[in-house]
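Spelled out from the first residue to the last, the chains are:
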Amino acid sequence: MKIVSVDPFYLRMPKITLAADGTQDTLLVRIQTDEGIEGWGECDASPLVSIAVYCCPMSHGNIINIRTSLIGETIDSPEDILRLSEKVLRNALDIQQIHHAYSGAEIALWDIIGKKLDKPIYRLLAEMTDTSETSHPKLPYASVLFGDTPENTYQIAKGLQNKGYQAAKFGWGPIGKHGEDNDVSLVRAAREGMGNDNQIMIDAGVVWGTDYNTAFERALAFSEFSPTWLEEPLAPDAIDAYSSLKSKKPTVSIAAGEGSSTYRMAEDIIVNGGIDYVQIDAGRIGGIYPSFQVRLLAEQTGIQYVNHTFKSHLSLAAALHVFVTNPDFNLLEYPAAGSELSECIVKNPFQIHTDGLVRITDGPGLGVEIDTNRIKPYFTPVSIQADSETVFDQPSL
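Residues numbered from 1 in each chain as written. Predicted model: local features only at pLDDT ≥ 70, side-chain atom pairs only at ≥ 80, totals over all residues. Heavy atoms only, no water.

Asks: Quick one: what's the story with the pairing of strand 11 (residues 331-335), residue by residue and with numbers?
Replies: Residues in a regular strand point their side chains to alternate faces of the sheet. Taken across its five residues, strand 11 has five buried, putting it largely inside the fold. Two elements, strand 4 (residues 139-145) and strand 11, share five bridges in a ladder whose sense is parallel. In the strand pairing of strand 11, Leu139 is matched with Leu331. (Buried < 20%, exposed > 50% of the residue type's maximum accessible area, 1.4 Å probe, protein only. Helix = DSSP H or I, 4+ residues; strand = E, 2+ residues; numbered from the N terminus. Pairing = 2+ DSSP bridges.)

Asks: Could you give an account of the sheet that holds strand 3 (residues 38-43), with specific residues and numbers?
Replies: Across a sheet, strands are paired by hydrogen bonds formed along the backbone, either parallel or antiparallel in direction. Reading across the sheet, the three strands line up as 1-2-3 and stay open at both edges, with antiparallel pairing between neighbours. Both outer strands of the open sheet, strand 1 (3-12) and strand 3, are each paired with one neighbouring strand and no more. Adjacent strand axes in the sheet meet at a mean angle of 20° when their direction is disregarded. Two elements, strand 2 (residues 25-33) and strand 3, share six bridges in a ladder whose sense is antiparallel. (Axes fitted to C-alpha atoms, helices over the stretch in contact; angles between N-to-C directions.)

Asks: Go over the sheet that holds strand 11 with me, naming the residues and quoting the values.
Replies: Pairing is parallel across the open sheet formed by eight strands, whose spatial order is 10-9-8-7-6-5-4-11. Looking along the sheet, the strands with just one partner apiece sit at the ends: strand 10 (304-307) and strand 11. Two strands pair when backbone bridges link them, and strand 9 (residues 277-280) and strand 10 are joined in this way by four bridges, in the parallel orientation. The residue bridging Tyr277 from the neighbouring strand is Gln304, located in strand 10.

Asks: An account of the packing of helix 11 (residues 288-301) against helix 12 (residues 313-323) is requested, with residue identities and associated values reported.
Replies: Interaxial distance between helix 11 and helix 12 falls to 9 Å at its minimum, and their mutual angle equals 40°. The orientation of helix 11 with respect to helix 12, classified from their angle, is oblique. Helix 12 is crossed by helix 11, and the crossing has right-handed handedness. Here Ile288, Ser291, Phe292 and Arg295 of helix 11 lie close against helix 12, whose contacting residues are Ala318, Val322 and Phe323. Here the residues of the contact of helix 11 with helix 12 sort into five nonpolar, one polar and one charged. (Parallel < 35°, antiparallel > 145°, perpendicular 65-115°, else oblique. Left-handed = near helix turned anticlockwise from the far one by under 90°. Contact = heavy atoms within 4.5 Å. Nonpolar A, V, L, I, M, F, W, Y, C, P; charged D, E, K, R; others polar.)

Asks: Summarise helix 8 (residues 212-222); cite the residues concerned and give the values.
Replies: Residues of helix 8 that are buried include every one of Thr214, Ala215, Phe216, Arg218, Ala219, Ala221 and Phe222, and no others. Looking at the buried residues of helix 8, the elements they touch are helix 7 (180-194), strand 6 (199-203), strand 7 (230-231) and helix 9 (239-247).

Asks: Quick rundown of the pattern of salt bridges? Include the residues and the values.
Replies: A complete count under the given rule lists 21 salt bridges for this structure. A salt bridge links Glu35 to Lys116, with the nearest nitrogen and oxygen atoms 3.5 Å apart. In this pair, Glu35 sits in the loop between strand 2 and strand 3 while Lys116 sits in helix 4 (residues 98-117), placing the two residues 81 residues apart along the sequence. Residue Glu35 is classed as partly exposed on the basis of its relative accessible area of 46%. (Salt bridge = Lys/Arg side-chain N within 4 Å of Asp/Glu carboxyl O.)

Asks: Break down the packing of aromatic side chains for me, citing the residues and quoting the values.
Replies: Tallying each qualifying case throughout the model produces nine aromatic pairs. With centroids separated by 5.4 Å and ring planes inclined at 85°, the aromatic side chains of Tyr141 and Trp229 adopt a geometry described as edge-to-face. Pair noted here: Tyr141 is in strand 4 and Trp229 is in the loop between helix 8 and strand 7, with a separation of 88 residues, a long-range link. Judged by its relative accessible area of 0%, Trp229 falls in the buried class. (Phe/Tyr/Trp six-rings, centres within 6.5 Å; stacked < 30°, edge-to-face > 60°.)

Asks: Outline the pairing of strand 13 (residues 389-393), listing residues and values.
Replies: Here strand 12 (residues 383-386) runs beside strand 13; their pairing, made up of four bridges, is antiparallel. Pairing of Gln385 across the sheet is with Thr390, part of strand 13. Once strand 12 ends, the chain turns through two residues before running back antiparallel as strand 13, passing Asp387 with a positive phi of about 60°.

Asks: Describe the environment of Tyr54, with residues and values.
Replies: In this structure, Tyr54 sits in helix 1 (residues 47-55). Each C-alpha atom of the pair Tyr54 and Ser77 lies 23 Å from the other, and the pair is 23 residues apart in sequence.

Asks: So what's going on with the side chain of Thr214? Residues and values would help.
Replies: Here Thr214 shows up in helix 8. Thr214 sits in the buried class, given a relative accessible area of 16%. A distance of 2.5 Å separates a polar atom in the side chain of Thr214 from a polar atom in the side chain of Asp211. (Polar contact = N/O pair within 3.5 Å; in protein donor to acceptor, adjacent residues only side chain to side chain.)

Asks: Please provide a residue-by-residue account of the nonpolar core, values included.
Replies: Counting 119 residues, the largest nonpolar core has Ile31, Ile66, Leu70 and Phe170 as the members making the most contacts within it. By residue number, the principal contributor to this core is helix 4, which donates ten residues. Not counting the four nearest positions on each side in its chain, Ile66 is found in contact with Val53, Tyr54, Val88, Ile98, Ala101, Tyr102 and Ala105. Among the nonpolar cores identified, the runner-up in size contains nine residues, and Ala167, Trp229, Ala255 and Val306 belong to it. (Core = buried A, V, L, I, M, F, W, Y, C linked by side-chain atoms within 4.5 Å.)

So, in structure tokens, the structure goes:
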């Protein structure tokens, strides 16, 4: 089976705001083969920057775009995906955005192989690594932003509780920006809105940079509200600061890792940062297989693996296949407050069952179907020219 096209598609909402909401735009990647099988993936990165990585003219042997590396290649097995990933990353050695951008294509390749072999991706991963093929349900935690005020946050939390969520994560917004009293009021509001029987998680949105002492003080102040974790209190690459924070033995677990754009970055924050939960985004780290490698490392080191997904259910599908076969990794970040765009990308989003859990389907590949008709209103044509040469002209959906 030959790859005949690799097409990135830029989708965006009519208005983009400064809110820390990654669902306002997105980049989908479609790969088609000569056997009529196509796969889809999604990148969690700046769409136009990523498109450049798919089409930029060659500068030299270490700057070769993704489409050039993939079109015409053979793809028949999971091993071919690993081979092609090695080729793409080697050819784009000096393109700094390569892992973020390639994530979408790598996910699409897994989707293709799953469809060709009529198997869900999680089973293909299990067969490759001699691990369990049994899928396990996950507890979804609604992933939302803090309200602008404690009262707004309480109303958001109460609304999630009324919808039946047993866990919710509140992040970004005003947290860390107006002093300790306001931070504590926000977390108290989240706890009161969700009730004492449900889990809450706190995402500080890297607000304290390398200041691990303030992060420790906030963890101590938040502990009376029993959050499952304090997420990203420090910058993604502040490994020494994370280590110092953990050495102070905070009473709240520390989560981080969504900023890992390579396996090595994830390994660093796990092994040297000492975190308790590692959160990996398949749309940033290079796709499904490097995410799965981090999952295996989490198992070896005895920490918890959690997906980072603040996009669509296309991204959620890729995330689920990575760790659905591990019953101990039972939490699932579940987009609960995304844009209209994010809610219409797939025809068959993952439903929360009556027991409050999410289950993966056994459909081939990713197990979700793109709704091309519903996403057309968000389709944004892109054309790139260099002098008189058309470098990229985005195909229609």
